[in-house]
Amino acid sequence: MDHKPAHETDDVDELTARIQAGGFWRLAPEWVPRTSYVTPTRPVLLRVRDGLERRGRCEHA
């Protein structure tokens, strides 16, 4: 069974709570549409996080 370190679980939980509270949209420009997005489920958030980490590694290589 695949277990994630506690800090990874905390990060995803924090991001989920922030999105549910509407905090994410404060960071996005007004011209960004606010509808028609995938529901931010745990697997979706993990996929986004992993993509951002890969992008960060590529930019710093």
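In what follows, the structure referred to is the one given above.
Let us look at the structure shown here. This one's a predicted model, so the numbers in the text were calculated from it and none came from an experiment.

## Notes on the overall build of the protein chain
Moving on, step 1. Per the secondary structure count, the protein chain includes two helices and zero strands.
Moving on, step 2. For the protein chain, the residues scored as buried account for 11% of the 61 residues in total.
Moving on, step 3. Roughly 5400 Å² of accessible area belongs to the protein chain as shown, and the carbon and sulfur atoms make up 58% of that amount.

## Here's the deal with the pattern of salt bridges
Moving on, step 1. Within this structure, the stated rule accounts for four salt bridges.
Moving on, step 2. E30 is paired through a salt bridge with R34; the nearest N and O atoms lie 3.8 Å apart.
Moving on, step 3. The closest approach of N and O atoms between E53 and R49, which form a salt bridge, is 3.9 Å. Of the two residues, E53 and R49 both sit in helix α2 (residues 42–59), four residues apart, roughly one turn of that helix.
Moving on, step 4. E53 gets classed as partly exposed once you look at its relative accessible area, which sits at 40%.

## Overview of the environment of P43
Moving on, step 1. With respect to the element layout, P43 can be found in helix α2.
Moving on, step 2. Judged by relative accessible area, P43 falls into the exposed class, the value being 59%.
Moving on, step 3. Along the sequence, P43 and V12 sit 31 residues apart, while their C-alpha atoms lie 9.5 Å from each other.

## So, the layout of surface pockets
Moving on, step 1. The volume enclosed by the largest pocket comes to roughly 450 Å³.
Moving on, step 2. If you trace the largest pocket, you find 14 residues lining it, with I19, F24, V38, P40 and L45 closest to the centre.
Moving on, step 3. Sort the elements by how many residues they give to the lining of the largest pocket and α2 lands first, with six residues.
Moving on, step 4. Of the residues in the lining of the largest pocket, the class split is eleven nonpolar, one polar and two charged.

Rules behind the numbers
- Residues numbered from 1 in each chain as written.
- Predicted model: local features only at pLDDT ≥ 70, side-chain atom pairs only at ≥ 80, totals over all residues.
- Heavy atoms only, no water.
- Helix = DSSP H or I, 4+ residues; strand = E, 2+ residues; numbered from the N terminus.
- Buried < 20%, exposed > 50% of the residue type's maximum accessible area, 1.4 Å probe, protein only.
- Areas by Shrake-Rupley, 256 points an atom, 1.4 Å probe, with all protein chains shown as cover.
- Salt bridge = Lys/Arg side-chain N within 4 Å of Asp/Glu carboxyl O.
- 1 Å grid on protein atoms, 1.4 Å probe; cavity = no way out; pocket = protein on both sides within 12 Å on 5 of 7 lines; lining within 4 Å.
- Points joined across faces, edges and corners; volume = space filled by probe spheres on them.
- Nonpolar A, V, L, I, M, F, W, Y, C, P; charged D, E, K, R; others polar.

The values are spatial; any link to function lies outside them.
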